[in-house]
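# A look at the structure
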Amino acid sequence: MKLFGVVGNPVKHSISPKLHQFWYDQLELDARYVALEMAADSPVDDLRGLARSGFSGLNITLPYKTEALACAAEVSSNARKIGAANTLTRNDSVSGKALWKAHNTDITGFLWSLDQFGPTETEEAVLIGAGGAARAVAAGLNERGYRLIILNRTVERAEEMVEDLKLTRARVFPLEALSDFAAESQLVVNTISLGHTGGSLDLPKNEGGAFVDISYGAAVEATLENARQAGWRVLDGLPMLVGQAADAFKLWFDIDPDRLAALKACREWTGTQETLQLD
């Protein structure tokens, strides 16, 4: 039996074990996936230890994505670009030792979620936030050829992200400019987690604009409802979760699993409705 897991702190809330087990059962694979809540004392050594203890692959969530990069013997181009890893694959070819190769599937996972909207008739996107998740989203949008308007509370941090990722078609503004830009935009992506502290994002009226929030569940309900009331088509973060998980699964098994069936199952487990509004 192959052993996989998700590492983070906290991680007990993660639906990744159910998601991957869904695919194992569907494909009749002899594998198991567990949640591993790890202390912050020596994360790099601990991640290396998990390779030696027999794990074939790991997903990495907050706050250990940079440590996942540091623990690896090899680093993929996407992980190097973002400066963080969310997936580790076992690499036994380095001096005969069980070590890791680091990947980042957040970029491709986000782009798959964006495809659930279908074609967006715009060459410009508004991106809210400049944290770790925003870096993956920005890289994905840039890869697709979008001009970016990046809004963040701290403009300097957004400017650093633009420089690090070499976003030559990006402009940076303070978050307070959201209403002005969003009112005219056909695509807005939010990466800041206001809902986790009881807040929500207010969007201006925009009939038919596409709004993506990469959070899901109770933390994003108020923001999505505000957006719906203002005329936006909305999408939550569950498709991105499924997309990045499917890309990790493919790295481990060389199989592209059934994403749409898994997304439907995730909605049932989390009690969230299909948020994509096409009317």
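Our subject is the structure that appears above.
Residues numbered from 1 in each chain as written. Predicted model: local features only at pLDDT ≥ 70, side-chain atom pairs only at ≥ 80, totals over all residues. Heavy atoms only, no water.

### Let's talk about the packing of aromatic side chains
Following the criterion strictly, the structure yields eleven aromatic pairs and no others. Aromatic pair Tyr-33 and Trp-252: ring centres 6.4 Å apart, planes at 45°, arrangement tilted. Taken together, the residues span a long stretch of sequence, with Tyr-33 in strand E2 (residues 31-37) and Trp-252 in helix H10 (residues 238-253) at a distance of 219 residues. Comparing Tyr-33 with Trp-252 shows no difference in burial state: the two are buried. (Phe/Tyr/Trp six-rings, centres within 6.5 Å; stacked < 30°, edge-to-face > 60°. Helix = DSSP H or I, 4+ residues; strand = E, 2+ residues; numbered from the N terminus. Buried < 20%, exposed > 50% of the residue type's maximum accessible area, 1.4 Å probe, protein only.)

### Quick look at the side chain of Asn-206
Within the secondary structure, Asn-206 sits in the loop between strand E10 (187-190) and strand E11 (210-213). Engagement of the side chain of Asn-206 in a polar contact is seen with the backbone oxygen of Ser-185, the distance being 2.6 Å. Non-local contacts of Asn-206, meaning those with residues more than four positions away in its chain, are made with Ala-182, Ala-183, Glu-184, Ser-185, Gln-186, Ala-230, Gly-231 and Trp-232. (Polar contact = N/O pair within 3.5 Å; in protein donor to acceptor, adjacent residues only side chain to side chain. Contact = heavy atoms within 4.5 Å.)

### Digging into the environment of Gly-83
With respect to the helices, strands and loops of the structure, Gly-83 is situated in the loop between helix H4 (77-82) and strand E5 (87-94). Spatially, the C-alpha atoms of Gly-83 and Ala-136 are 9.6 Å apart, while their sequence positions differ by 53 residues. Residues contacting Gly-83, with those up to four places away along its chain left out, are Thr-66 and Leu-69.

### Comments concerning the sheet that holds E11
The strands making up a sheet associate through hydrogen bonds between their backbones, and the pairing can be parallel or antiparallel. In spatial order, the strands read E9-E8-E7-E10-E11-E12; together these six strands make up an open sheet with parallel pairing. Two strands lie at the open edges of the sheet, namely strand E9 (170-174) and strand E12 (233-235), each paired on one side alone. Averaged over all pairs of adjacent strands, the angle between their axes in this sheet comes to 20°, without regard to strand direction. Across three bridges, the pairing between strand E7 (residues 124-128) and E10 is parallel. Counted as the bridge partner of Val-126 is Val-188 from E10. (Pairing = 2+ DSSP bridges. Axes fitted to C-alpha atoms, helices over the stretch in contact; angles between N-to-C directions.)

### Comments concerning the pairing of strand E3 (residues 55-60)
Most of E3 sits out of view: six of its six residues are buried. Pairing geometry for strand E1 (residues 2-8) and E3, over five bridges, is parallel. Counterpart to Val-7 in the pairing with E3 is Ile-60.

### Let's talk about the packing of H10 against helix H11 (residues 259-270)
Put simply, H10 and H11 touch, their axes get as near as 10 Å, and they point 130° apart. Classed by the angle they form, the pair H10 and H11 counts as oblique. Considering how the two elements wind past one another, H10 and H11 form a crossing that is right-handed. Every residue of H11 that contacts H10 at Leu-238, Pro-239, Val-242, Gly-243, Ala-246 and Asp-247 is listed here: Arg-259, Ala-262, Leu-263, Cys-266, Arg-267 and Thr-270. Among the residues forming the contact of H10 with H11, the class breakdown is seven nonpolar, two polar and three charged. (Parallel < 35°, antiparallel > 145°, perpendicular 65-115°, else oblique. Left-handed = near helix turned anticlockwise from the far one by under 90°. Nonpolar A, V, L, I, M, F, W, Y, C, P; charged D, E, K, R; others polar.)

### Comments concerning the nonpolar core
Formed by 33 residues in total, the largest nonpolar core has its most connected members in Phe-110, Leu-141, Leu-148, Ile-150, Leu-187 and Val-189. Only helix H5 (106-115), E7, helix H6 (132-143), strand E8 (147-152), helix H7 (155-165), E9, E10 and E11 provide two or more residues apiece to this core. Ranked by residue count, the leading element in this core is H6, at six residues. If sequence neighbours within four positions are ignored, Leu-141 has contacts with Phe-110, Leu-111, Leu-114, Ala-125, Tyr-146, Leu-148, Leu-187 and Val-189. Counting residues in each nonpolar core, the second largest holds 22 residues, with Trp-23, Tyr-24, Phe-249 and Cys-266 among its members. (Core = buried A, V, L, I, M, F, W, Y, C linked by side-chain atoms within 4.5 Å.)

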